[in-house]
Amino acid sequence: MSKPVAIVGQIILYGAFAVFIGYFATFPRYRQIPDDAALIKLSMSHLGDRECRKRTAEELEKMPPNMRAPLECPRERSDIKLEVDLDGEKLFSTMMHPTGLSKDGVSTVYKRFELKAGSYRLSVRMNDNLIKPGFNYVKEEQVTLKPGQVLVIDFNPDKGGLFFRQ
């Protein structure tokens, strides 16, 4: 007689547990960003340039013939300067440092910017060799962001450098 009571008890408990899980799987609703907002994600990994210098003729003369490389390039990579402007105002600015014990690894940045949906002038500038002044990569574009839309700022040298992906 206790067997049917135990089975009915298990069915009730399992049913209550399923209802509990089902409710919290759908409520409360999770929203990553508000309904009227859009998101810009800056996600970038890049190797900074090497800061090479040209050897002088006197330096090359003093070296053995088989070691006379015209450029001296250290193992370390350059820091990377990155700036993001939105409608002419600075949104973000950083100096990305190379990783690794010898500072020869990739420099990485990840940043999220939540803003109202609408049209904006987006400008991104990057310099991956700080010996050279200015910015060697620049991308500027008028972007229109819809509510809930995510725009990604990334870097790929094979695609011409900086690019925006919606």
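Relevant structure appears above.
Overview of the structure. (Residues numbered from 1 in each chain as written. Predicted model: local features only at pLDDT ≥ 70, side-chain atom pairs only at ≥ 80, totals over all residues. Heavy atoms only, no water.)

## Description of the pattern of salt bridges
Which entries qualify depends on this criterion: Take a side-chain nitrogen of Lys or Arg and a carboxyl oxygen of Asp or Glu: if they are within 4 Å of each other, that pair is a salt bridge. The rule is simple: take the accessible area with a 1.4 Å probe, protein chains only, and divide by the maximum for that residue type; under 20% is buried, over 50% is exposed, in between is partly exposed.
Following the criterion strictly, the structure yields 11 salt bridges and no others. Two residues, K139 and E141, come together in a salt bridge whose shortest N-O distance is 3.2 Å. By relative accessible area, E141 is classed as partly exposed at 30%. Overlapping salt bridges bring together K81, E83, D85, K90 and R125 as one network.

## Observations concerning the side chain of S78
Put simply, the rule reads: Elements are defined by DSSP. Helices are runs of H or I of four residues or more, strands are runs of E of two residues or more, and each kind is numbered from the N terminus. Here a polar contact is taken to be a pair of N or O atoms separated by no more than 3.5 Å, where protein atoms must pair a possible hydrogen donor with a possible acceptor and residues adjacent in sequence count only if both atoms sit in side chains. Two residues qualify as a contact provided that any one of their heavy atoms is within 4.5 Å of a heavy atom in the partner residue.
One can find S78 in the loop between strand 3 (71-72) and strand 4 (80-86). Here S78 falls in the buried class, since its relative accessible area comes to 1%. Within the structure, the side chain of S78 is placed 3.1 Å from the backbone nitrogen of L130, a separation counted as a polar contact. Filtering out sequence-adjacent residues up to four positions away, S78 remains in contact with G48, D49, E51, P98, D128, N129 and L130.

## Regarding unusual backbone geometry
Most peptide bonds adopt trans geometry, and most residues besides glycine take a negative phi value. Within the chain, D87 stands out as a residue other than glycine whose phi angle is a positive 55 degrees. Checked against the element boundaries, D87 lands in the loop between strand 4 and strand 5 (89-96). Positive phi outside glycine occurs at K103, with the angle close to 55 degrees. The topology assignment puts K103 in the loop between strand 5 and strand 6 (107-116).

## Side note on the state of the cysteines
Which entries qualify depends on this criterion: The term disulfide is used for any two cysteine sulfur atoms that are within 2.5 Å.
This structure, assessed with the given rule, holds one disulfide. One disulfide bridge connects C52 with C73, the sulfur atoms lying 1.9 Å from each other. Residues C52 and C73 share a disulfide whose torsion about the S-S bond is about 115 degrees; that sign makes it right-handed. Note that C52 is positioned in the loop between strand 1 (37-46) and strand 2 (53-54) and C73 in the loop between strand 3 and strand 4, a separation of 21 residues in sequence. Using a relative accessible area of 31% as the deciding quantity, one classes C52 as partly exposed.

## Quick word on the side chain of E83
On the secondary structure map, E83 appears in strand 4. The class of E83 is buried, set by a relative accessible area of 10%. A polar contact of 3.4 Å, which involves the side chain of E83, links it to the side chain of K90. Looking at E83, its side chain comes within polar contact range of the side chain of R125, at 2.7 Å. When neighbours within four sequence positions are excluded, E83 is seen to be in contact with K90, F92, S93, S123, V124, R125 and F135.

## Side note on the sheet that holds strand 9 (residues 150-156)
The condition that has to hold: Strand pairing is assigned whenever DSSP identifies at least 2 bridges connecting the two strands. Angles here are taken between N-to-C directions and fall from 0 to 180 degrees, while the axes themselves are lines fitted to C-alpha atoms, restricted in helices to the stretch in contact.
The strand order across the open sheet built from four strands is 6-1-9-10, with neighbouring strands paired in mixed fashion. Two strands lie at the open edges of the sheet, namely strand 6 and strand 10 (161-165), each paired on one side alone. Geometrically, the sheet is characterised by an average inter-axis angle of 15 degrees between neighbouring strands, direction not taken into account.

## A short note on the nonpolar core
Going by this rule: Only buried residues count toward a nonpolar core, which is a set of Ala, Val, Leu, Ile, Met, Phe, Trp, Tyr and Cys residues joined through side-chain atoms within 4.5 Å.
By size, the foremost hydrophobic cluster in this structure holds 24 residues, and its most contacted members are I40, L42, M44, L82, L122, L151 and I153. When residues no more than four places from it in sequence are discounted, the contact partners of I153 are I40, K41, L42, S43, M44, V84, L122, V124, F163 and F164.

## Things to note about the packing of aromatic side chains
Defined as follows: Only rings of Phe, Tyr and Trp enter the pairing, Trp through its six-membered ring, and a pair is recorded when the two centres are within 6.5 Å. The plane angle decides the type: under 30 degrees is stacked, over 60 is edge-to-face, the rest tilted. By definition, being over a ring means that NZ of Lys or CZ of Arg is both within 6 Å of the ring centre and within 35 degrees of the ring normal.
Overall, the coordinates contain four aromatic pairs when judged by the stated rule. An angle of 85 degrees between the planes, with centres 5.0 Å apart, marks the rings of Y23 and F24 as edge-to-face. Among the aromatic side chains, those forming a connected cluster through ring pairs are F20, Y23 and F24. The ring of F164 has K139 lying over it, and the distance from NZ or CZ to the ring centre is 5.6 Å. Cation over ring: K159 sits above F163, and NZ or CZ is 4.7 Å from the ring centre.

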